[in-house]
Amino acid sequence: MFSRDKIPATRRWVVKIGSAMLTGNGQGLARERLTTWVDQMADRLEADTELVLVSSGAVAEGMCRRGKRARPDSLHELQALAAIGQMGLVRAYEDAFARRGLHTAQVLLTHEDLTDRTRYLNARSTLRTLLGWGVAPVVNENDTVATEELRFGDNDTLAALVANLVEADLLILLTDQEGLYDADPRANPDAKLIGEARVDDPLLLQVAGEGGALGRGGMRTKVRAAALAARSGTATVIASGAGERVLERIGAGEALGTLLIPAQGPLAARKRWLAGHVSSQGSLVLDAGAVRVLREQGRSLLAVGIREVRGLFARGEVVTCTDEKGAEVARGLVNYGSTELVRIKGRPTSAFTEILGYRDEDEVIHRDNLVLI
Ligand code: GLU
């Protein structure tokens, strides 16, 4: 079971910073604060933690740039303001990371991008590549074409979906409250901060209440986001972004904010997640060497170890892997469809471009998308 003392050893984080933390009352981006968070993230990156930053604040910054005091009701205006504000947001992050000699990258996503199986794989490959390069992507919802987070979420749900996508160990939601309380702290002076709880504890949603202004991004959305993140075995910390060196202290295992613990570990979570994917009738027959490296070394499946491709399936579907006698060895999400695999089976990755004219991932099934049977 996950606990605070495991946090220092976590290696993949998603940090979500909410609008309320980033912008002070229409004053525009709180650059000083932003720089201190980026500094703490840079420290963590230098200590080999992979990190995705999910940041809201585009609408708030857009409002400030256009001199608007009140948040408009109409979605198209919010979308337009987000488009304006996003420029300032990425610029501020880019400047702050550059001070530490680090690159950053802008990634705009919609919920559909993370549920459609092909786009999901594409988004994940890109993020994985950036993480492998030590770059922290700055993710926001693509507000021009999608409006879920504008309406309800302030990116909490998006951050959870990103945590699933990269299989993060930890999701940190930085907000303007200390964490989750057992009663509304504004109405009840005896309200106590919940230090930690299991994410599936039914009491949580009861105490989380409705959201703050306009019902967006309140504690309820955060508790739901934590439950979503737990699907990939990701633990969530909800904490105030205003605290002194908050990311560093959370990272050190200090008892800040509320820790929401997933009910199952990453492996069980991955099995369930795979079960939720489109399953095909397809299968791959592996040679003895491939069976051995999958079983004994927990490695990814490469084309070179595939002897036969059975059935018709597309990239992103779940296929069965068997040994040459037909016994099931593993199940996983394929990066290549059956027609491509027929052509590249038994061949080294270096030959893909020559045979197919392009190369997607090096692996046919990445080990993160594979469960041994
Ligand atoms: N994606 C939006 C942003 O970055 C969500 C926040 C909001 O609705 O104000 O501004």
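Above this note sits the structure.
Computed from a predicted structure; not experimentally measured. (Residues numbered from 1 in each chain as written. Predicted model: local features only at pLDDT ≥ 70, side-chain atom pairs only at ≥ 80, totals over all residues. Heavy atoms only, no water.)

## What to know about the overall build of the protein chain
Across its full length, the protein chain holds 14 helices and 13 strands. Taking 21 Å as the expected radius of gyration for a compact globule of 373 residues, we find that the protein chain reaches 22 Å, a close match to that expectation. Expressed along its principal axes, the backbone C-alpha trace of the protein chain runs to roughly 65 × 40 × 40 Å. When the 373 residues of the protein chain are sorted by exposure, 53% land in the buried category. Within the structure as shown, the protein chain displays about 16900 Å² of accessible surface, and the carbon and sulfur contribution to it stands at 49%. With 47 positive and 49 negative side-chain charges, the protein chain shows a spacing of 2 Å between the two charge centroids. (Helix = DSSP H or I, 4+ residues; strand = E, 2+ residues; numbered from the N terminus. Rg over C-alpha atoms; globule rule 2.2 N^0.38 Å. Buried < 20%, exposed > 50% of the residue type's maximum accessible area, 1.4 Å probe, protein only. Areas by Shrake-Rupley, 256 points an atom, 1.4 Å probe, with all protein chains shown as cover. Lys, Arg positive; Asp, Glu negative; His and termini not counted. Charge placed at Lys NZ, Arg CZ, Asp CG, Glu CD.)

## Observations concerning the environment of Ala30
Structurally, Ala30 can be placed in the loop between helix 1 (19-22) and helix 2 (31-46). The spatial distance from the C-alpha of Ala30 to the C-alpha of Ala98 is 17 Å, given a sequence separation of 68 residues. In contact with Ala30, not counting residues within four places along its chain, are Met21, Leu22 and Thr23. (Contact = heavy atoms within 4.5 Å.)

## Observations concerning the environment of Arg69
Within the secondary structure, Arg69 is located in the loop between helix 3 (58-65) and helix 4 (75-99). Of the residues examined, Arg69 reaches a relative accessible area of 84% and is grouped as exposed. Along the backbone, Arg69 and Gly195 are 126 residues apart, and their C-alpha atoms lie at a distance of 36 Å.

## Concerning the sheet that holds strand 12 (residues 328-333)
A sheet is described by the order of its strands in space; here 5 strands give the open sequence 10-9-11-12-13, paired in mixed fashion. Taken across any chain shown, the strands that pair with only one partner, and hence form the sheet edges, are strand 10 (306-310) and strand 13 (370-372). Looking at each pair of strands side by side, their axes are set apart by 25° on average, direction ignored. (Pairing = 2+ DSSP bridges. Axes fitted to C-alpha atoms, helices over the stretch in contact; angles between N-to-C directions.)

## Quick look at the pairing of strand 8 (residues 258-261)
Residues Thr258 and Leu260 point to one face of strand 8 and Leu259 and Ile261 to the other, with burial holding for every one of them. Note: strand 6 (residues 196-198) against strand 8, 3 bridges, orientation parallel. Directly across from Arg198, in strand 8, lies its bridge partner Ile261. Of the strand pairs in this sheet, strand 7 (residues 235-240) and strand 8 are connected by 3 bridges, and their pairing is antiparallel.

## A look at the pattern of salt bridges
Considering all chains together, one arrives at 21 salt bridges under this definition. Across the pair Lys68 and Glu77 runs a salt bridge whose closest N-O atoms are separated by 3.9 Å. (Salt bridge = Lys/Arg side-chain N within 4 Å of Asp/Glu carboxyl O.)

## Things to note about the sheet that holds strand 4 (residues 136-141)
Hydrogen bonds between backbone groups are what pair the strands of a sheet, and the pairing can be parallel or antiparallel. Taken together, the 8 strands give an open sheet; going across it, the order is 3-4-2-1-5-7-8-6, and neighbouring strands pair in mixed fashion. With one partner strand each, in any of the chains shown, strand 3 (104-109) and strand 6 form the two edges of the open sheet. In this sheet, adjacent strand axes meet at a mean angle of 20° when their direction is disregarded.

## Observations regarding the environment of Arg224
Mapped onto the elements of the fold, Arg224 is located in helix 9 (residues 219-229). Arg224 sits 64 residues away from Ala288 along the chain, and the two C-alpha atoms are 44 Å apart.

## Focus on the packing of helix 3 against helix 4
Interhelical geometry of helix 3 versus helix 4 gives an angle of 90° and a closest axis separation of 6 Å. With respect to their mutual orientation, helix 3 and helix 4 come out roughly perpendicular. The segment helix 3 lies against helix 4, with Ala58, Val59, Glu61, Gly62, Met63 and Arg65 engaging Leu78, Leu81, Ala82, Ile84, Gly85, Gln86, Met87, Gly88 and Leu89. Tallied by class, residues from the contact of helix 3 with helix 4 come to 9 nonpolar, 4 polar and 2 charged. (Parallel < 35°, antiparallel > 145°, perpendicular 65-115°, else oblique. Nonpolar A, V, L, I, M, F, W, Y, C, P; charged D, E, K, R; others polar.)

## Section: the side chain of Asp156
Its place among the elements puts Asp156 in helix 7 (residues 156-166). Assessed through its relative accessible area of 0%, Asp156 is described here as buried. A distance of 3.1 Å separates polar atoms of two side chains, one belonging to Asp156 and the other to Lys222. (Polar contact = N/O pair within 3.5 Å; in protein donor to acceptor, adjacent residues only side chain to side chain.)

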